[in-house]
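Reading the structure
Below, each chain spelled out in residue letters.
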Amino acid sequence: MAKLFRAVIMGPPGSGKGTISERIAQSFGLKHLSSGDFLRENIAANTEAGVLAKTYIERGLMVPDNVMTRLLLPRLEEMTRHSWLMDGFPCTLAQAKALNSTCDLDLVISLNIPYETLKDRLSDRWIHPASGRVYNRGFNPPRVQGRDDLSGEPLIQHDNDQPEALVARLRHYKDVAKPVIDLYKSKGILHTFSGTETDRIWPYINSLLSTKIPSRPETDTQHIPMP
Ligand SMILES: Nc1ncnc2c1ncn2[C@@H]1O[C@H](COP(=O)(O)OP(=O)(O)OP(=O)(O)O)[C@@H](O)[C@H]1O
Ligand SMILES: O=c1ccn([C@@H]2O[C@H](COP(=O)(O)OP(=O)(O)O)[C@@H](O)[C@H]2O)c(=O)[nH]1
């Protein structure tokens, strides 16, 4: 069996983690894991962790580290036969240390995107709550305005995606992410990508991953070559 590959993608809200994760999952066959999706699944299933997490998310707060690790680490430990890419976890140094004790990461992608870009994207982010699918009227508009492409259900916007909440969210991200980024830098596995458009960053990420993971033959033709 080919060596398993474990990667994490980090970045502030709106940096394109979800968008890029989907592309990576499609091109390289990694399983895309998302902390937000795990939380939503647990909330929907009314698990103990889900009920607790909901009380924080509803107030626009981060879920405490011990709840996150209790929820996610067992799920990652079960994935002994899959290569995966984790989006949204770890967010804090405590989470990173807990993850470190469970598995060895091969690679960390960190997205560095200007504030104005984040603000523009998030003020126009439309979400299908049941699936987590995201749209943007300019970048990837839904086929029918205000409706999810697959289910036809209504799309919503999050209050905390609006500019008033964004400054505080970004400040918080910077504070908590800095030691995590420093940790991965010191391990020599951090790769940072800067820019204002996912479509321009993607070829570089694609090219980096191509050197680390064999791409899936059926999706080879979708790869965008290096400029
Ligand atoms: N690693 C984590 N640690 C603590 N709380 C988390 C973590 N990941 C997600 N959460 C909580 O779950 C909520 C939803 O997460 P999700 O990643 O779907 O959306 P988000 O906050 O809109 O993030 P982004 O804008 O970066 O996509 C977060 O607002 C936060 O309260
Ligand atoms: O180059 C890009 C990449 C993403 N988006 C949009 O920006 C928002 C945030 O992207 P995503 O949810 O992937 O970011 P995350 O919060 O997961 O980092 C979404 O509405 C995307 O459709 C965009 O307009 N241009």
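Since this is a predicted model, take the numbers as computed values, not measurements.

**What about the site of ligand 2?**
As a matter of local geometry, ligand 2 sits amid 17 residues, with G14, K17, T19, R125 and N140 nearest to it. G16 places a polar main-chain atom, nitrogen or oxygen, 3.0 Å from an oxygen atom of ligand 2. In the environment of ligand 2, an oxygen atom lies 3.4 Å from a nitrogen or oxygen atom belonging to the side chain of N136. Relative to its unbound accessible area of 540 Å², ligand 2 is 93% covered by the protein chains. Mapped onto the shell around ligand 2, the elements with two or more residues apiece are α1 (17-28) and β6 (133-136). Residue composition of the shell around ligand 2, by class: five nonpolar, eight polar and four charged.

**Notes on the UniProt feature "domain: Adenylate kinase active site lid" (unreviewed entry) in the chain**
The UniProt entry lists residues 125-157 under the feature "domain: Adenylate kinase active site lid" (unreviewed entry), expressed in the numbering used here. Taken as a whole, residues 125-157 contains 0% helix and 24% strand, while its terminal C-alpha atoms sit 6 Å from one another.

**Regarding the site of ligand 1**
Around ligand 1, the structure places 17 residues, and the nearest of them are K17, S35, L61, G88 and R125. In the model, an oxygen atom of ligand 1 is placed 3.0 Å from a nitrogen or oxygen of the R40 side chain. Contacts to ligand 1 include Q95, whose side-chain N or O atom sits 2.9 Å from a nitrogen atom. Against a free-state accessible area of 600 Å², the protein chains account for coverage of 82% of ligand 1. Of the residues forming the shell around ligand 1, the biggest block, four residues, is contributed by helix α2 (residues 35-44).

**Observations regarding the pairing of β6**
Pairing of strand β5 (residues 125-128) with β6, which is carried by four bridges, proceeds in the antiparallel orientation. By the bridge assignment, H128 is partnered in β6 with R133. Turn length for the β5-β6 hairpin, with the two strands adjacent in sequence and antiparallel, is four residues, and the turn residue G132 shows positive phi of about 85°.

**Some points on the nonpolar core**
Side chains that are nonpolar tend, in soluble globular proteins, to be buried together. Membership of the largest hydrophobic core comes to 31 residues, with the highest contact counts inside it found for M10, W84, M86, L99, L105, V108 and Y184. Elements with a contribution of two residues or more to this core: β1 (6-10), α2, α3 (48-57), α4 (65-78), β3 (84-87), α5 (93-102) and α7 (163-186). Apart from the residues lying within four places of it in its own chain, the contact partners of W84 are F5, R6, A7, L30, K31, L33, L76, M79, L99, C103 and L105.

**With respect to the packing of helix α6 (residues 115-123) against α7**
Relative orientation of the contacting elements α6 and α7 amounts to 135°, with a least axis distance of 10 Å. One way to sum up the angle between α6 and α7 is to call them oblique. Relative to α7, the crossing made by α6 is right-handed. Between α6 and α7, the contacting residues are Y115, L118, K119, L122 and S123 on the first element and P163, L166, V167, R169 and L170 on the second. Its residues placed into classes, the contact of α6 with α7 shows seven nonpolar, one polar and two charged.

**Focus on the environment of S110**
With respect to the helices and strands, the residue S110 is situated in strand β4 (residues 107-112). Under the relative-accessibility criterion, S110 is labelled buried at 5%. When the C-alpha positions of S110 and D120 are compared, they lie 20 Å apart, and in sequence the two are ten residues distant. The residues contacting S110, other than those within four sequence positions of it, are M10, I181, L190, H191, T192 and F193.

**Quick look at the pattern of salt bridges**
Per the stated rule, a full pass over the model turns up eleven salt bridges. Between R137 and D124 there is a salt bridge, with its nearest N and O atoms 3.0 Å apart. Remark: D124 occurs in the loop between α6 and β5 and R137 occurs in the loop between β6 and α7; sequence separation between them is 13 residues. Given the relative accessible area of 45%, R137 is considered partly exposed. R133 is the partner of D148 in a salt bridge, and the nearest nitrogen-oxygen pair spans 2.9 Å. Pair noted here: D148 is in the loop between β6 and α7 and R133 is in strand β6, with a separation of 15 residues, a long-range link.

Basis of the calculations
Residues numbered from 1 in each chain as written. Chains lettered and ligands numbered in written order. Predicted model: local features only at pLDDT ≥ 70, side-chain atom pairs only at ≥ 80, totals over all residues. Heavy atoms only, no water. Near = heavy atom within 4 Å. Polar contact = N/O pair within 3.5 Å; in protein donor to acceptor, adjacent residues only side chain to side chain. Areas by Shrake-Rupley, 256 points an atom, 1.4 Å probe, with all protein chains shown as cover. Helix = DSSP H or I, 4+ residues; strand = E, 2+ residues; numbered from the N terminus. Nonpolar A, V, L, I, M, F, W, Y, C, P; charged D, E, K, R; others polar. UniProt positions renumbered as here; feature names shortened; annotations may be inferred. Pairing = 2+ DSSP bridges. Core = buried A, V, L, I, M, F, W, Y, C linked by side-chain atoms within 4.5 Å. Buried < 20%, exposed > 50% of the residue type's maximum accessible area, 1.4 Å probe, protein only. Contact = heavy atoms within 4.5 Å. Axes fitted to C-alpha atoms, helices over the stretch in contact; angles between N-to-C directions. Parallel < 35°, antiparallel > 145°, perpendicular 65-115°, else oblique. Left-handed = near helix turned anticlockwise from the far one by under 90°. Salt bridge = Lys/Arg side-chain N within 4 Å of Asp/Glu carboxyl O.

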